[in-house]
Amino acid sequence: MERLAQISGVGGIYAVLAEASNRPRYAFLVLQLIAEIADGRGQAGPFVAGPPSAGEGEPVLLRDWLCTQLLPMSEQPARRAALRERVEAGLKDELTGRPEIDDPHIEAAVEEQVLSVGRANVSRATSDLVRAGLVTRHYAGYATNHKNRGGGRHAVYVVKPAVLRLLRRPAAAPAVSASRMPRQGELFAA
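Quick look at the structure, then. Owing to the predicted nature of the structure, the values given are computational and were not obtained by experimental measurement.

Across the seven residues of strand β5 (residues 153-159), five count as buried, placing the element largely inside the fold. Bridge count between strand β1 (residues 43-44) and β5: two bridges; the pairing is antiparallel. Within β5, the position partnered with Q43 by the bridge is V158. Across seven bridges, strand β4 (residues 135-141) lies against β5 in antiparallel orientation. When the sheet's bridge partners are listed, V135 is paired in β5 with V159.

As structure tokens, then:
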């Protein structure tokens, strides 16, 4: 908590993350997205409004929303093609040999694999944010007897108020003294 009192700007937030995370840039991006979607108290989740293309703002789980927001950062055609080949090899017993039937099935399995990896990355980054003391995490929903403490419940992330203020603060305009500014007509005066 004493670290938060010493943070005076975005650079300070990043410095704290660099100490707590192996991937501070990714964790900072996750923090920015959480702060963007958070309410006035800094709380985000468990559901957020999805993109309009997904069904006119239909509710989406916070972790899934974060994952889809970060997907463009990791999309590489060669990696996706290799993943498609691995998924296709894993599904060879279920395939019919007819591309019009098999291709949608393969694509759905590839998408699920990509989202699964993305959710794990977001979860790891959020754990780094919690470890750094910038965010707290709890779960909402019903409790179940499950070895996974999040089983049957959905993540809610809360950005600490001091951090939220720093991330939402508008950038200050550079101060320029009026005496140093050239007057009109003197732009090229030596």
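Look at the link from G45 to P46: it is a cis peptide, with omega at 0°. As for its position among the elements, P46 is in the loop between β1 and β2 (47-49).

The subject of this paragraph is the pattern of salt bridges. Side chains that differ in sign of charge can pair as their charged atoms come close. Counting across every chain of the model gives seven salt bridges. R119 is paired through a salt bridge with E112; the nearest N and O atoms lie 3.6 Å apart. Among the residues examined, R119 registers a relative accessible area of 24% and is labelled partly exposed. In this structure E112 comes out as partly exposed when scored by relative accessible area, which is 45%. Where salt bridges share partners, they join D64, E112 and R119 into one cluster.

Attention now moves to the layout of surface pockets. Over the atoms, a rolled probe matching the size of one water molecule traces out where space is still vacant. Of the voids in this model, the largest pocket is the one considered here, and its volume is about 450 Å³. Along the walls of the largest pocket sit 19 residues, with L71, S74, R79, V114 and V117 positioned nearest its centre. Contributing elements (two or more residues each) for the lining of the largest pocket: α4 (62-74), α5 (77-90) and α6 (99-132). For the lining of the largest pocket, the element with the highest residue contribution is α6, accounting for six residues.

Here is what the cut-offs are and how they apply
- Residues numbered from 1 in each chain as written.
- Predicted model: local features only at pLDDT ≥ 70, side-chain atom pairs only at ≥ 80, totals over all residues.
- Heavy atoms only, no water.
- Buried < 20%, exposed > 50% of the residue type's maximum accessible area, 1.4 Å probe, protein only.
- Helix = DSSP H or I, 4+ residues; strand = E, 2+ residues; numbered from the N terminus.
- Pairing = 2+ DSSP bridges.
- Salt bridge = Lys/Arg side-chain N within 4 Å of Asp/Glu carboxyl O.
- 1 Å grid on protein atoms, 1.4 Å probe; cavity = no way out; pocket = protein on both sides within 12 Å on 5 of 7 lines; lining within 4 Å.
- Points joined across faces, edges and corners; volume = space filled by probe spheres on them.

Read these as geometric descriptors, not functional statements.
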